[in-house]
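In case you want the letters, here they are:
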Amino acid sequence: MKREAALALALAGTLATPFIPASTGPVPVAGAEPAFATPTTLDRIGRILVPVTLNGLGPFRMLVDTGANRTTITTDVARRLGLDPAAAPTVVLNGVTGSATVPAVTIERMRAGDLVLDDQQVPVVESHLISGADGILGIAGLRDQRLIVDFRRDLVTISRSRFAHADELRIRADRVVGGLLGAHVRIGRVRALAVIDTGAQKTLGNRALQDALRADAHAQATVYGTTEATMIGEVAAAPDITMDSTVFRHVVVTFGDFHIFDVWELADTPALIIGMDVLGAMDTFSIDFRLAEIHVRS
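About the criteria used
Residues numbered from 1 in each chain as written. Predicted model: local features only at pLDDT ≥ 70, side-chain atom pairs only at ≥ 80, totals over all residues. Heavy atoms only, no water. Phe/Tyr/Trp six-rings, centres within 6.5 Å; stacked < 30°, edge-to-face > 60°. Buried < 20%, exposed > 50% of the residue type's maximum accessible area, 1.4 Å probe, protein only. Salt bridge = Lys/Arg side-chain N within 4 Å of Asp/Glu carboxyl O. Helix = DSSP H or I, 4+ residues; strand = E, 2+ residues; numbered from the N terminus. Contact = heavy atoms within 4.5 Å. pLDDT = per-residue confidence, 0-100. Core = buried A, V, L, I, M, F, W, Y, C linked by side-chain atoms within 4.5 Å. Pairing = 2+ DSSP bridges. Polar contact = N/O pair within 3.5 Å; in protein donor to acceptor, adjacent residues only side chain to side chain.

> When you look at the packing of aromatic side chains in this model, what are you seeing that I'm missing?
The description of an aromatic ring pair uses the distance of the two centres, along with the angle that the planes make with each other. A complete count under the given rule lists 1 aromatic pair for this structure. On the basis of an interplanar angle of 90 degrees and a centroid distance of 6.2 Å, the ring pair of Phe 261 and Trp 264 is categorised as edge-to-face. The class of Phe 261 is buried, set by a relative accessible area of 1%. Taking the relative accessible area as the measure of exposure, Trp 264 reaches 6% and is therefore buried.

Written out as structure tokens, the structure is:
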């Protein structure tokens, strides 16, 4: 059964104050607030949520998504900010399962602790597509920061880039489309590219990977994204996934012709999205965007 556990949020070294749930209307906030996560079983399958102020109002609970290079808010949040999506220009929003044309409003200032983003054009989606969160904080485009998620200490940190600790395993990564970081992995005997995605609950693979692994599905699963489109994926057990010296065992992958692999130009080569079902099993993982490295401690 899912339970919601409070996390302390340290952004650029600033310790957060006790969390105050967002009210039905926005209220001024002075400073950082704690983050929230929703761990479930021992696998810690869930989402990483942090409080973010928008135009000085909030806090709004935003899903931290390392697989997204732009931030998204819900229609409810737009209304609470006094913004009118109906009068806003439109953009094409790409999600895991499809694309949609949606309105995009301008947020003058977005703040999560000491992380500040100004003049952001933010797509607006219906609230049910983000399921309980106020929006998605897309951080794939960060350049000089390091995201640290420490499940053992219940701590989320965004700080300046630094080298890994001696007890952390370092995984080299490359920049791919949209500023994403992709790690070169070996799945059994198959080489593939893996995108670390904190916005994905489950690990997903493309058809090229399924074909290369000759993975026979034992079940089907419905996959949802940030658009109304859904897809049926085929679920299969994967061989050991090796990233440098780090090995992930007993990983279950949902395979499909997912739209996002086309967007990332990864449809024709074996690739997968590492979701929170794998990431949440670690004690700590971090992504250093400046060094293009992933650090893990288990």
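And the narrative resumes.
> What am I meant to see in the pattern of salt bridges here?
A side chain of one charge can pair with a side chain of the opposite charge if their charged atoms are brought near each other. Here the structure, examined in full by the defined rule, presents 6 salt bridges. Taking the shortest distance from any N to any O, the salt bridge between Asp 118 and Arg 109 comes out at 2.7 Å. Between Arg 207 and Glu 234 there is a salt bridge whose closest N-O contact spans 3.4 Å. Within this pair, whereas Arg 207 is found in helix 2 (residues 207–213), its partner Glu 234 is found in strand 20 (residues 230–237), the two being separated by 27 residues in sequence. On the basis of relative accessibility, which here comes to 26%, the residue Glu 234 falls in the partly exposed class.

> Help me understand unusual backbone geometry, please; the structure alone is not making it clear to me.
The general pattern is negative phi for most residues beyond glycine and trans for most peptide bonds. Gly 58 connects to Pro 59 through a cis peptide bond whose omega is 10 degrees. Looking at the element boundaries, Pro 59 is found in strand 6 (residues 57–65). Positive phi is not limited to glycine here, since Asn 55 has a value of about 55 degrees. Tracing the sequence through the fold places Asn 55 in the loop between strand 5 (48–54) and strand 6. Of note, the phi angle at Asp 119 is positive, near 50 degrees, even though the residue is not glycine. Locating Asp 119 in the fold gives a position in strand 10 (residues 115–125). Looking at Asp 119, the relative accessible area reads 60%, which means it is exposed.

> Hey, could you run me through the environment of Leu 142 in this one?
Within the element layout of this structure, Leu 142 appears in the loop between strand 11 (135–138) and strand 12 (145–150). Distance in space between the C-alpha atoms of Leu 142 and Arg 290 is 8.2 Å, their sequence separation being 148 residues. Filtering out sequence-adjacent residues up to four positions away, Leu 142 remains in contact with Leu 115, Arg 175 and Phe 289.

> Sorry, what's going on with the confidence of the model for the protein chain here?
Do not read the predicted coordinates in detail wherever pLDDT is low. Mean pLDDT over the protein chain stands at 80; residues scoring 70 or higher make up 81%. Averaged pLDDT values for the elements of the protein chain fall to 27 in strand 2 (residues 14–15) and rise to 97 in helix 2. Throughout residues 1–45 the model reports pLDDT below 50, and contacts reaching past four residues in sequence, or to other chains, amount to 113 contacts.

> Please clarify how the environment of Asp 144 should be interpreted in this entry.
Among the structural elements, Asp 144 can be located in the loop between strand 11 and strand 12. Asp 144 sits 147 residues away from Leu 291 along the chain, and the two C-alpha atoms are 8.3 Å apart. Setting aside residues no more than four positions away along its own chain, Asp 144 makes contact with Ser 159, Arg 160, Ser 161 and Arg 290.

> Got a minute to help me understand the nonpolar core in this structure?
One broad rule of soluble globular proteins: the nonpolar side chains tend to lie buried together. Grouped together as the largest cluster of nonpolar side chains are 60 residues, with contacts concentrated most on Leu 54, Ile 73, Val 185, Ile 187, Met 243 and Ile 274. Counting 16 residues, the second-largest nonpolar core is a separate cluster that includes Leu 204, Met 231, Ile 260 and Leu 266.

> Where do I start with the pairing of strand 17 (residues 190–196) in this structure?
A regular strand carries its side chains on alternate faces of the sheet. With 6 of 7 residues buried, strand 17 is to be regarded as a mostly interior element. One ladder, built from 6 bridges, connects strand 16 (residues 181–187) with strand 17; its direction is antiparallel. Counterpart to Ile 187 in the pairing with strand 17 is Val 190. Hairpin connection of strand 16 to strand 17: 2 residues between the antiparallel strands, including Gly 188 at a positive phi of 60 degrees. The pairing of strand 17 with strand 24 (residues 271–274) spans 4 bridges and is parallel. Within the sheet, the bridge partner assigned to Leu 193 lies in strand 24 and is Ala 271.

> Hey, could you run me through the environment of Ile 273 in this one?
Here Ile 273 is to be found in strand 24. In this structure, the C-alpha to C-alpha distance between Ile 273 and Thr 203, residues 70 residues apart in sequence, is 5.5 Å. What Ile 273 contacts, discounting residues up to four positions off in sequence, is Val 195, Asp 197, Ala 200, Lys 202, Thr 203, Leu 204, Ile 260, Phe 261 and Trp 264.

> Quick question: what am I supposed to make of the side chain of Asp 197 here?
Assignment of secondary structure puts Asp 197 in the loop between strand 17 and strand 18 (204–205). Owing to a relative accessible area of 6%, Asp 197 belongs among the buried residues under this scheme. Only 2.9 Å separates the side chain of Asp 197 from the backbone nitrogen of Gly 199, close enough to count as a polar contact.

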